[in-house]
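# Working through the structure, step by step
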Amino acid sequence: IEIDVEEVPSNFTSFYRNNINNFNEKFKRNIKLNNKILHQSKLINYFRGNYSNKNIEKDLNEFLKKIKRNKKYFFSKKDIILVESLKADGIKVSKKYKNLYQINELDIPTDIQVLINNEDLGGSLLRIVEVIGQDEIKNIDDDTMYFIISALNQLNVDPIRNKLLIKVLPLKV
């Protein structure tokens, strides 16, 4: 989420500029790519804004083709999170790969789904924050992260979702 520097009170301008630059630099580094695992592959760069939709679609389908051929590949919950987030952004996945994994639609708690269905963005986000609590995002289990990302996909709050994905999916160095 971007804040226009003109909207920042003058007594916080230098604090904002220093910290937004530090945040953006930290956001860009510390990721190690592993192109043998879907959720650690170069496809992560899409959520950092470093990928065009046309290229991501082609590369995703090529990666899924390799996975389909490799009978030993285990499709993890993080892989599902990545693919479902791309699909939520309108990236098309070939129909021949739809059976690579199963989705459990019942993962989002009913009260949060009701808020989403009622288009209560604020209430939904507050409830998600309540679920996260004081836990570190990186320590949240994959099932909980799946429902959080699914909810954010439905709410169409991509900037928040993308920052969470960058925090939990790739390897950090």
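Figured I'd write up the structure that's included with this text. Source: prediction; values computed, not measured. (Residues numbered from 1 in each chain as written. Predicted model: local features only at pLDDT ≥ 70, side-chain atom pairs only at ≥ 80, totals over all residues. Heavy atoms only, no water.)

Counting residues in each nonpolar core, the largest one holds 42 residues, and the members touching the most others are Leu38, Phe75 and Leu82. Only helix H2 (53-69), helix H3 (77-88), helix H4 (110-117), helix H5 (121-132), helix H6 (142-155) and helix H7 (158-168) provide two or more residues apiece to this core. Broken down by element, the residue count for this core peaks at eight residues, all from H6. Leaving out residues up to four positions away in the same chain, Leu38 has contacts with Leu43, Leu60, Phe63, Leu64, Ile67, Tyr73, Phe75, Asp79, Leu82 and Val83. (Core = buried A, V, L, I, M, F, W, Y, C linked by side-chain atoms within 4.5 Å. Buried < 20%, exposed > 50% of the residue type's maximum accessible area, 1.4 Å probe, protein only. Helix = DSSP H or I, 4+ residues; strand = E, 2+ residues; numbered from the N terminus. Contact = heavy atoms within 4.5 Å.)

Turning next to a positive patch on the surface. A cluster of basic residues, Lys65, Lys66, Lys68, Arg69, Lys71 and Lys96, forms a positive patch at the surface. For Lys71, the position within the fold is in the loop between H2 and H3. (Patch = residues over 30% accessible without salt bridge, like charges linked within 9 Å, V, L, I, M, F, W, Y side chains within 5 Å. Areas by Shrake-Rupley, 256 points an atom, 1.4 Å probe, with all protein chains shown as cover. Salt bridge = Lys/Arg side-chain N within 4 Å of Asp/Glu carboxyl O. Lys, Arg positive; Asp, Glu negative; His and termini not counted. Charge placed at Lys NZ, Arg CZ, Asp CG, Glu CD.)

Attention shifts here to the packing of H6 against H7. Packing of H6 against H7 brings their axes to within 9 Å, and their N-to-C directions diverge by 155°. Considering the angle they form, H6 stands roughly antiparallel to H7. H6 and H7 meet at a crossing whose hand is left-handed. Between H6 and H7, the residues in contact are Met145, Ile148, Ile149, Leu152 and Asn153 and Ile160, Arg161, Leu164, Leu165 and Val168, respectively. When grouped by side-chain class, the residues that make up the contact of H6 with H7 number eight nonpolar, one polar and one charged. (Axes fitted to C-alpha atoms, helices over the stretch in contact; angles between N-to-C directions. Parallel < 35°, antiparallel > 145°, perpendicular 65-115°, else oblique. Left-handed = near helix turned anticlockwise from the far one by under 90°. Nonpolar A, V, L, I, M, F, W, Y, C, P; charged D, E, K, R; others polar.)

The end-to-end C-alpha distance of H6 is 20 Å, a good match for the 20 Å that 14 residues give at a rise of 1.5 Å each. Those residues of H6 that fall on the buried side of the exposure criterion are Thr144, Met145, Tyr146, Phe147, Ile148, Ile149, Ser150, Ala151, Leu152, Asn153 and Leu155. Tucked into the core, H6 has its buried residues touching H3, H4, H5 and H7. Between a side-chain oxygen at the N-terminus of H6 and the backbone nitrogen of Asp143 the separation is 3.2 Å; the capping residue is Asp141. Just downstream of H6 lies Asn156, where phi reads positive at about 60°. (Expected span 1.5 Å × (residues − 1). Polar contact = N/O pair within 3.5 Å; in protein donor to acceptor, adjacent residues only side chain to side chain.)

Quick look at the pattern of salt bridges now. Oppositely charged side chains are able to pair whenever their charged atoms sit close together. Throughout the structure, instances matching the rule amount to eight salt bridges. For Asp59, the salt bridge identified is with Lys42, shortest N-O distance 3.7 Å. One end of the pair, Asp59, is in helix H2; the other, Lys42, is in the loop between strand S1 (31-32) and H2, with 17 residues separating them in the sequence. As a salt-bridge pair, Lys77 and Asp143 come within 3.3 Å of each other at their nearest N and O atoms. Of this pair, Lys77 sits in helix H3 while Asp143 sits in helix H6, and the two are 66 residues apart along the sequence. One salt-bridge network, in which partners are shared between bridges, spans Asp89, Asp158 and Arg161.

To continue, consider unusual backbone geometry. For Glu119, which is not glycine, the phi torsion reads 60° and is therefore positive. By the element assignment, Glu119 lies in the loop between H4 and H5. For Glu119, a relative accessible area of 71% translates into the label exposed. Its identity as a non-glycine residue notwithstanding, Asn156 has a phi of 60°, on the positive side.

What is shown is where atoms sit, not what they do.
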